[in-house]
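# Analysis of the macromolecular model
One-letter residues, chain by chain:
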Amino acid sequence: MRTKSMRISFFGFCLAVAICISFPSSAVDLYKVIRIVDGDTIQLNDGQVVRLIGVDTPEHHHSKKLRRDAERSQRDIETIQALGKQSTEFTRQLVLGKKVRIEYDKQRTDRYGRTLGYLFLPDGTFVNEEIIKQGYGSAYTKYPFKYMEQFRAAERNARDKKRGLWADGGHL
């Protein structure tokens, strides 16, 4: 009798473990994207503003970065702003109103207090990479991060295939 009871307890334990593995706790931590700040920054329903790790998109707001983008790419400010609007629209279509899961890296916030994260849609789409893969951003490699080589490869591929903002042979 004791052996049968132990087998049932062991079976119950195994079943509980299997359920936990099948439904990881991160699946519960879903947030809704309520606002697109720009191509690489979004806001969630809990108020967090999330800067996407490893992604750099052109600016469309007047700023020092807009001027740097224009100088670096040797394009005028209006062109950079137009590209920034395209990147923002791509991100809007990809995530606005949708649920996302956040994955963090070593540093959780930037100097502006924004959350730094990787975003994933419920279908598994890796948002940060998708923006780069479709040519609406470049890999931001100033600081090391977990997916750096993956993002560099996605950018090379987008450039080679002239996707998104690379379509006219442009530079971000």
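The sections below set out a description of the structure shown in this document. Remember, it's a predicted structure, so these values are computed and weren't measured experimentally. (Residues numbered from 1 in each chain as written. Predicted model: local features only at pLDDT ≥ 70, side-chain atom pairs only at ≥ 80, totals over all residues. Heavy atoms only, no water.)

Further remarks concern the overall build of the protein chain. Along the backbone of the protein chain there are five helices and seven strands. The N-to-C order of helical and strand elements in the protein chain reads α-β-β-β-β-α-α-β-β-α-β-α. Of the contacts made within the protein chain by residues no fewer than 6 positions apart, 54% connect residues no fewer than 24 positions apart. For the protein chain, the accessible area works out to roughly 10500 Å², and carbon and sulfur atoms hold 54% of it. (Helix = DSSP H or I, 4+ residues; strand = E, 2+ residues; numbered from the N terminus. Contact = heavy atoms within 4.5 Å. Areas by Shrake-Rupley, 256 points an atom, 1.4 Å probe, with all protein chains shown as cover.)

To continue, consider the side chain of Gln-48. Tracing the sequence through the fold places Gln-48 in the loop between strand 2 (41-44) and strand 3 (49-52). Here Gln-48 falls in the buried class, since its relative accessible area comes to 17%. At a separation of 2.8 Å, a polar atom in the side chain of Gln-48 contacts the side chain of Asp-46. (Buried < 20%, exposed > 50% of the residue type's maximum accessible area, 1.4 Å probe, protein only. Polar contact = N/O pair within 3.5 Å; in protein donor to acceptor, adjacent residues only side chain to side chain.)

We now examine the packing of helix 2 (residues 64-73) against helix 3 (residues 77-95). At a minimum axis separation of 9 Å, helix 2 and helix 3 run at an interaxial angle of 110°. The orientation of helix 2 relative to helix 3 falls into the category roughly perpendicular. Between helix 2 and helix 3, the contacting residues are Leu-66, Arg-67, Asp-69, Ala-70 and Ser-73 on the first element and Ile-77, Ile-80 and Gln-81 on the second. Of the residues assigned to the contact of helix 2 with helix 3, the class counts are four nonpolar, two polar and two charged. (Axes fitted to C-alpha atoms, helices over the stretch in contact; angles between N-to-C directions. Parallel < 35°, antiparallel > 145°, perpendicular 65-115°, else oblique. Nonpolar A, V, L, I, M, F, W, Y, C, P; charged D, E, K, R; others polar.)

A word on the pattern of salt bridges. Here the structure, examined in full by the defined rule, presents eight salt bridges. We note a salt bridge from Arg-152 to Glu-149, for which the minimum N-O separation is 2.8 Å. One end of the pair, Arg-152, and the other, Glu-149, are both in helix 5 (residues 148-160), three residues apart, so they sit about a helical turn from each other. (Salt bridge = Lys/Arg side-chain N within 4 Å of Asp/Glu carboxyl O.)

Sheet topology note: the strand 1 (residues 30-38)/strand 5 (residues 99-103) ladder contains three bridges and is antiparallel. Residue pairing across strands places Lys-32 opposite Lys-99, the latter belonging to strand 5. Summarising the sheet, strand 1 and strand 2 pair through four bridges and their orientation is antiparallel. Within the sheet, the bridge partner assigned to Ile-36 lies in strand 2 and is Ile-42. Here strand 1 folds back onto strand 2, and the loop between the two strands holds two residues. (Pairing = 2+ DSSP bridges.)

Read around the closed barrel, the five strands follow the order 1-2-3-6-5; overall the barrel is mixed. Averaged over all neighbouring strand pairs, the angle between strand axes comes to 60°, with direction disregarded. Where strand 5 meets strand 6 (residues 115-120), three bridges bridge the pair, whose relative direction is antiparallel. Looking across to strand 6, one finds that Ile-102 is bridged to Leu-119. Running at roughly 165° to strand 1, helix 3 makes contact with strand 1 and strand 2 of the sheet.

It is worth spelling out the pairing of strand 6 at this point. Of all six residues in strand 6, six are buried; the element is thus mostly enclosed. Where burial is concerned, the two faces of strand 6 agree: the one with Thr-115, Gly-117 and Leu-119 and the one with Leu-116, Tyr-118 and Phe-120 are both buried. As paired elements, strand 3 and strand 6 share three bridges and run parallel to each other. Residue pairing across strands places Leu-52 opposite Gly-117, the latter belonging to strand 6.

Moving on to helix 3. Residue pairs three or four apart in sequence face the same way in an α-helix, which turns once every 3.6 residues. Taking 1.5 Å per residue as the helical rise, helix 3 with its 19 residues ought to reach 27 Å, and the 27 Å between its terminal C-alpha atoms agrees with that figure. Buried within helix 3 are the following residues: Ile-80, Gln-81, Leu-83, Gly-84, Ser-87, Thr-88, Phe-90, Thr-91, Leu-94 and Val-95. Packed against the buried residues of helix 3 are strand 1, strand 2, helix 2 and helix 4 (127-133). Between the side-chain oxygen of the N-cap and the backbone nitrogen of Glu-78 there are 3.1 Å, and the N-cap of helix 3 in question is Asp-76. Within two residues after helix 3, Gly-97 carries a phi angle of roughly 80°, on the positive side. (Expected span 1.5 Å × (residues − 1).)

Functional significance is not addressed by these values, which are geometric in nature.
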